[in-house]
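What follows is the residue order along each chain.
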Amino acid sequence: MYDSRIEKVLFTKEQIERKCQELGTMLSNIYKGKIPVFLCMLRGALPFYAELIKNITIDMEMEYMYANSYQGTKSTGVLNIKLDIGIDIRDREVLIVDDIIDTGVTMTKIYKELVSRGAASVKICTFLNKPNRAKGITIEPDYYGYDIPVKYVVGFGMDYNNIMRNLPYIGVLRQEIYQKG
């Protein structure tokens with residue numbers, strides 16, 4: 001049964017698993033013969049990252065970063081890295097793995113930061129993509145699972161006030177819930 005706070009389920013657990021298998025196969029082929037760094041953006045991307053790497057058939061290095069540029073729902077314009085990667089990425093192939101690109105503000109800053117550290121390449125893989133970016137933001141994921149409409153989604157790592165990340169599906173949160181909070 002689905003949570004009563006969900007207006008509509010967008011992707012079931014089975015659809016999520018199939019898409020992660022598809023993406024894992026594709027990324028394994030793209031990075032064949034290399035040892036890329038798969039960089040998980042904490043916290044939201046953790047379920048996607050775990051499901052994705054189960055389907056990676058090549059050697060890869062796992063890293064984690066926790067960063068944001070928001071205070072509540074407003075962008076501060078400053079990238080705040082709370083947990084940084086533990087390796088030198090100079091001359092390495094880096095794949096940023098995130099749950100969703102929404103406005104693109106934070107991802108743009110993270111991308112620029114990793115490029116400035118001398119990575120051979122920086123690519124972005126997200127499970128969800130909201131094509132309507134903030135004004136002036138042009139960053140796009142190189143690989144992604146699904147495009148979604150501009151709706152507030154939760155589950156499979158995505159949250160509302162840091163809850164509902166553990167839902168095994170992705171659903172649209174009822175508007176009256178997030179408008180109250």
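As the structure is a prediction and not an experimental result, all values here were calculated from the model.

(A) Region of the structure containing the packing of aromatic side chains. For the coordinates displayed, the defined rule picks out 9 aromatic pairs. Ring geometry for tyrosine 31 against phenylalanine 38: centres 6.1 Å apart, planes inclined by 65°, an arrangement best described as edge-to-face. Ring plane angle 65° and centroid distance 5.5 Å describe the contact between tyrosine 49 and tyrosine 64, whose orientation is recorded as edge-to-face. Highlighted residues: tyrosine 49 in helix 2 (residues 46-53) and tyrosine 64 in strand 3 (residues 61-71), separated in sequence by 15 residues. Tyrosine 49 gets classed as buried once you look at its relative accessible area, which sits at 1%. The exposure class assigned to tyrosine 64 is partly exposed, which follows from its relative accessible area of 29%. Taken together, the ring pairs in this structure connect Phe11, Phe48, Phe127, Tyr146 and Phe156 into an aromatic cluster. Directly above the aromatic system of tyrosine 146 lies the positively charged group of lysine 19, at a separation of 4.8 Å from the ring centroid.

(B) Looking closely at the pattern of salt bridges. For the coordinates displayed, the defined rule picks out 10 salt bridges. Between glutamate 22 and lysine 19 there is a salt bridge, with its nearest N and O atoms 3.0 Å apart. Here glutamate 22 and its partner lysine 19 are both found in helix 1 (residues 13-30), 3 residues apart, which amounts to about one turn of the helix. Exposure remark for glutamate 22: the relative accessible area of 49% places this residue in the partly exposed category. What makes lysine 19 buried here is its relative accessible area of 13%. Measuring nitrogen to oxygen at the nearest pair gives 2.9 Å for the salt bridge that ties glutamate 113 to arginine 117. Of the residues examined, glutamate 113 reaches a relative accessible area of 27% and is grouped as partly exposed. Residue arginine 117 is classed as partly exposed on the basis of its relative accessible area of 22%.

Conventions we followed
Residues numbered from 1 in each chain as written. Predicted model: local features only at pLDDT ≥ 70, side-chain atom pairs only at ≥ 80, totals over all residues. Heavy atoms only, no water. Phe/Tyr/Trp six-rings, centres within 6.5 Å; stacked < 30°, edge-to-face > 60°. Helix = DSSP H or I, 4+ residues; strand = E, 2+ residues; numbered from the N terminus. Buried < 20%, exposed > 50% of the residue type's maximum accessible area, 1.4 Å probe, protein only. Lys NZ or Arg CZ within 6 Å of the ring centre and 35° of its normal. Salt bridge = Lys/Arg side-chain N within 4 Å of Asp/Glu carboxyl O.

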